[in-house]
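# Per-entry structural report
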Amino acid sequence: MNFTVRSLTWRRPFTFLLGILLAGLLAGCGSSGEGGVGAQFGTLSVSLTDAPACGFEAVNVTVDKVRVHQSSSANENAAGWTTIALDPPQKINLLDLNDPTQPNFALIHLGQTPLTVGHYTQLRLVLVSNKVTPLANSVVLSSQPGTEIPLDTPSAIQSGIKLIHQFTVSAGQQVDLLLDFDACQSIVRTGSGKYKLNPVIKIIPFALNGIQGFLDPALFVNHINVKHVTVSAQQNGDIVRATMPNTTTGQFFLAHLDAGTNYEVVITADERAIGVIAAVPVPTSTSVTHVSVQGMPITLVPSAVHTVSGTVTVTPATDDPAVFVSARQKFGAGPTVTVKTQPASLIEATPPGDSSYALTLPIAPPSLGQYSAALPISLVPQGAVAGRYAVRGSAEGYLTQSFNTDLSGGDVVQDFGLVP
């Protein structure tokens, strides 16, 4: 999970507008705390959003409460917690929260509470256990629509998903926390067909800025896997934000980006060559940069595909390595971008520690364009890098390993061995 904290006064127009839009979601949310009589207070407000998930029709979590503490080392039983309780707990399909072109900006407001002024360093997102409510947390596969599969929440997160992030509450001010729950990165597939939650959350800026554009709606016509059409904002090959376009209009909005910096906008779809717009600026915390308009949408050319697959071995072995494999392309002297990333599937064996992966990637030339305020932006095919990828294996606590591979001639097998 990912969180971003932005301190805003209650007088800010956007916060007021968001409160109106999400007021219905506040009903039934309570709070408790231990602030003393006469203490000065600010307000803590918590919302939830999501990035696209790979290969899922739905990723459901049931949120029970959000807890906050001034100490990063406080355990769940320590004194001094302030709690935002959802009554009743709310079952949320995270994949409903990845299109900011929706009227609710792809946000769910979890609630708010008065908070004693001071410096805070720890949050906990508490989920309802499947042992208490069957299928409180579940996934639905794109290949099996309508069938909920239990999502295992290990005992380590039953007391709440621990999030370490520092923020300060001042008297009379509101601190808005926007929790970006990355569903794709948070699901570990086990070899027995089970799914485990390994939460990846970050805090992202709450202010509504970003990058907006339109894709050709033809990309979504008779497209079997329309949810695999994604747009991402990247820096140095790292995905900062990702979204799915509106499948009717083709509109996309990469929201809540850090201001004063540039991004690569990367567009991918199954069986299509990727498109990249380099050096797209986001000047301020409220600016929206346009890279295309509805009358001149971006399109992607069809492409044959090949697969790179193999086994990832982690040493020393562990039964919960949270292994990820990604494929990147380097545009000569230009940018490096991630084309696809996914968690590897744990192979159940003794000893544990091996995972399998398979990335299906386009081999037609990707297209690259430089940002210009004058639209449309021309995307030019880059034949020199067609089918060429740097495939990377990574896991927390282990050194990332990378291999260069050329898929132009067919499928490739590439194994990884990760060590601390």
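You'll find the structure just up there.
Residues numbered from 1 in each chain as written. Predicted model: local features only at pLDDT ≥ 70, side-chain atom pairs only at ≥ 80, totals over all residues. Heavy atoms only, no water.

## Points about the sheet that holds strand β15 (residues 210-214)
As summarised here, the arrangement of the three strands in space is β18-β15-β21, forming an open sheet in which the pairing is mixed. Looking at which strands have only one partner, the edges of the open sheet turn out to be β18 (251-255) and β21 (288-290). Across the sheet, the mean angle from the axis of one strand to that of its neighbour is 20 degrees, orientation sign disregarded. (Pairing = 2+ DSSP bridges. Helix = DSSP H or I, 4+ residues; strand = E, 2+ residues; numbered from the N terminus. Axes fitted to C-alpha atoms, helices over the stretch in contact; angles between N-to-C directions.)

## Description of the environment of K330
In this fold, K330 is placed in strand β23 (residues 323-330). When its relative accessible area of 45% is taken as the criterion, K330 is described as partly exposed. Taking the C-alpha atoms as reference points, K330 and V385, separated by 55 residues in sequence, lie 7.3 Å from one another. Among all residues touching K330, those that are not within four sequence positions of it are P335, T336 and V385. (Buried < 20%, exposed > 50% of the residue type's maximum accessible area, 1.4 Å probe, protein only. Contact = heavy atoms within 4.5 Å.)

## A few points about empty space enclosed by the protein
Tallied over the full model, the rule gives two cavities of 30 Å³ or more. Approximately 40 Å³ is the volume found for the second largest cavity. L127, V128, S129, N137, T153, I157, Q158 and I161 are the residues that line the second largest cavity. The residue makeup of the lining of the second largest cavity, split by class, is four nonpolar, four polar and no charged. (1 Å grid on protein atoms, 1.4 Å probe; cavity = no way out; pocket = protein on both sides within 12 Å on 5 of 7 lines; lining within 4 Å. Points joined across faces, edges and corners; volume = space filled by probe spheres on them. Nonpolar A, V, L, I, M, F, W, Y, C, P; charged D, E, K, R; others polar.)

## A short note on the pattern of salt bridges
Inspection of every chain in the model, using the stated rule, returns six salt bridges. A salt bridge links E76 to R124; its shortest N-O distance comes to 3.6 Å. Of this pair, E76 sits in the loop between β4 (56-69) and β5 (82-93) while R124 sits in strand β7 (residues 118-127); the two residues are 48 residues apart in sequence, bridging distant segments of the chain. On the accessibility criterion, E76 (31% relative accessible area) is partly exposed. Take R124: its relative accessible area is 6%, and that puts it in the buried class. (Salt bridge = Lys/Arg side-chain N within 4 Å of Asp/Glu carboxyl O.)

## Observations concerning the sheet that holds strand β28 (residues 380-381)
Through backbone hydrogen bonds, the strands of a sheet pair up, either in parallel or in antiparallel fashion. Within the open sheet, the six strands sit side by side as β17-β16-β19-β20-β27-β28. Their pairing is mixed. Single-partner strands in this sheet number two, and they are β17 (238-243) and β28. In the sheet, strand β16 (residues 230-235) pairs with strand β19 (residues 261-268) via five bridges, with the strands oriented antiparallel. Bridging across to β19, S232 finds its partner in V266.

## Comments concerning the nonpolar core
By size, the foremost hydrophobic cluster in this structure holds 40 residues, and its most contacted members are L44, L94, L110, L125 and F167. With six residues, the single largest contributor to this core is β4. Setting aside chain neighbours within four positions, we find L44 in contact with V68, I84, G111, Q112, T113, L115, F167, V175 and L177. Judged by nonpolar contacts, the second largest core, of 28 residues, contains V276, V325, V337 and L418. (Core = buried A, V, L, I, M, F, W, Y, C linked by side-chain atoms within 4.5 Å.)

## Observations regarding the environment of S367
Looking at the secondary structure, you find S367 in strand β27 (residues 367-370). Since its relative accessible area comes to 12%, S367 is described here as buried. Each C-alpha atom of the pair S367 and P381 lies 4.1 Å from the other, and the pair is 14 residues apart in sequence. Ignoring sequence-local partners within four residues, the contact set of S367 consists of I274, G275, V276, L379, V380 and P381.

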